[in-house]
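If you want the building blocks of each chain, they are given just below.
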Amino acid sequence: MLSDKILATAFTRSVKRGTLKMTTAKGQTFTFGDGGLPEVAIRFTDTAAQTALCLHPELKLGELFMDGRLVIEEGDILGLLQLVLQDTHGELNDLPLHRLRKIRHWLTLRGENDATRSKRNVAHHYDLDGRLYSLFLDSDKQYSCAYFDHPDASLEEAQAAKKRHIAAKLLVERGHSVLDIGSGWGGMGLYLAQVAGAGSVKGVTLSEEQLEVSRKRAATAGLADRVKFELQDYRATTGTFDRIVSVGMFEHVGLASYDDYFQTCRKLLKDDGVMLLHTIGRSGTPYPVNPWIARYIFPGGHLPVLSEMMPAIERAGLVVTDIEILRLHYAYTLQAWRERFLAQRDEVLKLYDERFCRMWECYLAMSESAFRWQDAVVFQVQLARRNDVVPLTRDYIAEREAILKRAETMEFKRSA
């Protein structure tokens, strides 16, 4: 069959290290690689599945795995992704796929995420059963890249270090007002009030599930008067703030809405204010988000390269005062999430069905592989309206982290 030949050619070109065994729908077996590890064996259940993978591998790999038409009989989906990506890094310019890239990138320019679409996109992922996230996230439900400040850090320690690192860069002082755009389950906002000493924090989210949890957490912590969460689009937010933080939200803004985003942030930031933007991005060239991820996991999203962000920042009149690029930190974070998810798979099955479990296993593996073997990174971009509001050297970050770590210990003792 033609699809046999196309797949054999593609896997011969991409699988150099490790071992991939492929059994076609007709029962023919092919082996690729150098015979080493990892070893992965896959089987197609029907010939149409093979053809679909040939025509649109970025979309169909996830769909076929999710639907049980691409069966992994040995190894796992992450191992398959490693075999295909570790040497190619996802560059498939010798296959017809690359001709579709420019078309898809052009389409991302046209899809503006207005307030209605943004809320619908957020609900698709974040308004799932809250028990799902509790099965694999840390106790603070931090659903963004952790910061592994030492090699043996646990997920809990790394997520605490992430909050500490961000708070240090924000230069939060006692009494400061803070806006948290995309406030998640409230952990960052509560940290800035409890540990960093912010006078008031306003968190805005489009997720009704996250809003309910955040408000309960603020009330339980006795901070409902200082930390308030609202179901609100960032573009509808009014007032001005000493500090603005946005963690894991910018990925959902969409390329066509970058000007709106940064111009709104400038309007909301005080003249001597500081903003910290923490977002997934790419270190390579502009490229649309994986189509399977866009359809099933994060509709409306886009992972920017710096060259896409900077023009909008400049047009908004904001000053870039610091950029840090976190590379493998998210790979380690996703590894921890994936291992926890798989360990709790039976509990997930009580909430959702087998197809959902395979979909989420694929999502976590695809995301991890993007940070390990492709060009996905995390940007932390510090912004201001003036160039004199941040210290001249970066020494203050470590100094403030040390102060915050001591404050965390004191807060833990008070709450124990």
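Up top you'll find the structure we're talking about.
Residues numbered from 1 in each chain as written. Predicted model: local features only at pLDDT ≥ 70, side-chain atom pairs only at ≥ 80, totals over all residues. Heavy atoms only, no water.

**Observations concerning the sheet that holds strand β1 (residues 19-23)**
Going by this rule: Note on pairing: two strands pair once DSSP finds at least 2 bridges between them. Numbering of helices and strands runs from the N terminus, with a helix taken as a DSSP run of H or I at least four residues long and a strand as a DSSP run of E at least two residues long. A fitted line through C-alpha atoms serves as each axis, taken over the contacting stretch for helices, and the angle formed by two N-to-C directions is quoted from 0 to 180°. Contacts are residue-level and defined by heavy atoms, with any inter-residue pair within 4.5 Å sufficient.
Spatially, the four strands line up as an open sheet ordered β2-β1-β3-β4, and their pairing is mixed. The open sheet has two free edges, formed respectively by β2 (29-33) and β4 (70-74), since each of these has just one partner strand. The average angle at which neighbouring strand axes cross in this sheet is 25°, direction not considered. Looking at chain direction, β1 and strand β3 (residues 39-44) are connected through five bridges and run parallel. Within β3, the position partnered with Lys 21 by the bridge is Ala 41. Helix α4 (residues 77-85) contacts β1, β3 and β4 of the sheet and is inclined by roughly 100° relative to β3.

**Here we look at helix α1 (residues 2-14)**
In an α-helix, one turn spans 3.6 residues; hence positions three or four apart end up facing the same way. So the rule is basically this: In this analysis, the expected span of each helix is defined as 1.5 Å times one less than the number of residues it contains. For every residue, the accessible area obtained with a 1.4 Å probe (protein chains only) is divided by the maximum for its type, and the residue is called buried under 20%, exposed over 50%, and partly exposed between those limits. Picture the helix axis, draw a direction to every C-beta atom, and the arc is the one those directions span.
For α1, which comprises 13 residues, the first-to-last C-alpha distance of 18 Å matches the rise-based estimate of 18 Å (1.5 Å per residue) to within 8%. Ser 3, Asp 4, Leu 7, Ala 8, Phe 11 and Ser 14 are the residues of α1 that are buried. Taken down its axis, α1 places every buried residue within 140° of arc, on the same side. With respect to the buried face of α1, the exposed residues turned more than 90 degrees away are Leu 2 and Lys 5. In this structure, the buried residues of α1 make contact with β1, β2, β3, α2 (47-55) and α4.

**Brief notes about the packing of aromatic side chains**
Each aromatic ring pair is described using two quantities: the centre-to-centre distance and the angle formed by the ring planes. What counts, and what does not: For Phe, Tyr and Trp, rings pair up if their centres lie within 6.5 Å, where Trp contributes its six-membered ring, and each pair is then called stacked (planes under 30 degrees apart), edge-to-face (over 60) or tilted (otherwise).
Applying the stated criterion across every chain yields a total of 26 aromatic pairs. Here Phe 30 and Phe 32 contribute two aromatic rings whose centre-to-centre distance is 6.3 Å and whose plane-to-plane angle is 10°, an arrangement assigned as stacked. Each member of the pair Phe 30 and Phe 32 is classed as buried. An angle of 85° between the planes, with centres 5.0 Å apart, marks the rings of Trp 360 and Tyr 363 as edge-to-face. You can see Trp 360 and its partner Tyr 363 sitting in helix α16 (residues 354-373), three residues apart, about one turn around the helix. A residue is classified by how much of its surface remains accessible, and Trp 360, at 1% relative accessible area, is buried. Judged by relative accessible area, Tyr 363 falls into the buried class, the value being 4%.

**Focus: the packing of helix α3 (residues 57-66) against α16**
To be explicit about the condition: Left-handed is the label given to a crossing in which the near helix is rotated counterclockwise from the far helix by less than a right angle, and right-handed is the label when the rotation is clockwise. Only Asp, Glu, Lys and Arg are considered charged in this grouping, and only Ala, Val, Leu, Ile, Met, Phe, Trp, Tyr, Cys and Pro are considered nonpolar; every other residue, Gly among them, is considered polar.
Where α3 meets α16, the axes come as close as 8 Å, and the angle between the chain directions of the two elements is 145°. Every pair of crossing elements has a handedness; the one defined by α3 and α16 is right-handed. When α3 is examined against α16, the residues Leu 61, Gly 62, Phe 65 and Met 66 are found in contact with a partner set consisting of Arg 355, Arg 358, Met 359, Glu 361, Cys 362 and Met 366. Looking at side-chain class alone, the contact of α3 with α16 contains six nonpolar, one polar and three charged residues.

**Examining the pattern of salt bridges**
To be explicit about the condition: Whenever Lys or Arg places a side-chain nitrogen within 4 Å of a carboxyl oxygen from Asp or Glu, that contact is recorded as a salt bridge.
In this structure the tally under the stated criterion is 28 salt bridges. The partner of Glu 347 in a salt bridge is Lys 350, with the nearest N and O atoms 3.1 Å apart. Taken together, the residues span about one helical turn, with Glu 347 and Lys 350 both in helix α15 (residues 345-351) at a distance of three residues. Under the relative-accessibility criterion, Glu 347 is labelled partly exposed at 32%. The exposure class of Lys 350 is exposed, given its relative accessible area of 63%.

**Brief notes about the sheet that holds strand β8 (residues 241-247)**
The sheet built from seven strands is open, its strands ordered β7-β6-β5-β8-β9-β11-β10 with mixed pairing. Across the chains shown, the open sheet's two edge strands, defined by having one partner strand only, are β7 (227-231) and β10 (319-326). Sheet twist, expressed as the mean angle between neighbouring strand axes with direction ignored, is 15°. Judged from the five bridges that link them, strand β5 (residues 177-181) and strand β6 (residues 200-205) form a sheet pairing that is parallel. When the bridges of β6 are listed, Val 178 appears paired with Val 201.

**A few points about a nonpolar patch on the surface**
So the rule is basically this: The patch calculation keeps residues exceeding 30% relative accessible area without a salt bridge and links them within 9 Å when they carry like charges or within 5 Å when they are nonpolar (Val, Leu, Ile, Met, Phe, Trp, Tyr). Computed with a 1.4 Å probe, the accessible areas rest on the Shrake-Rupley method; for each residue, only the protein chains presented here act as cover.
On the surface, a nonpolar cluster with roughly 200 Å² of combined accessible area is contributed by Val 320, Ile 323 and Ile 325. On the secondary structure map, Ile 325 appears in strand β10.

**Notes on the environment of Glu 212**
Within the element layout of this structure, Glu 212 appears in helix α10 (residues 208-220). On a C-alpha basis, the gap between Glu 212 and Glu 230 in space is 9.6 Å, while along the polypeptide they are 18 residues apart.

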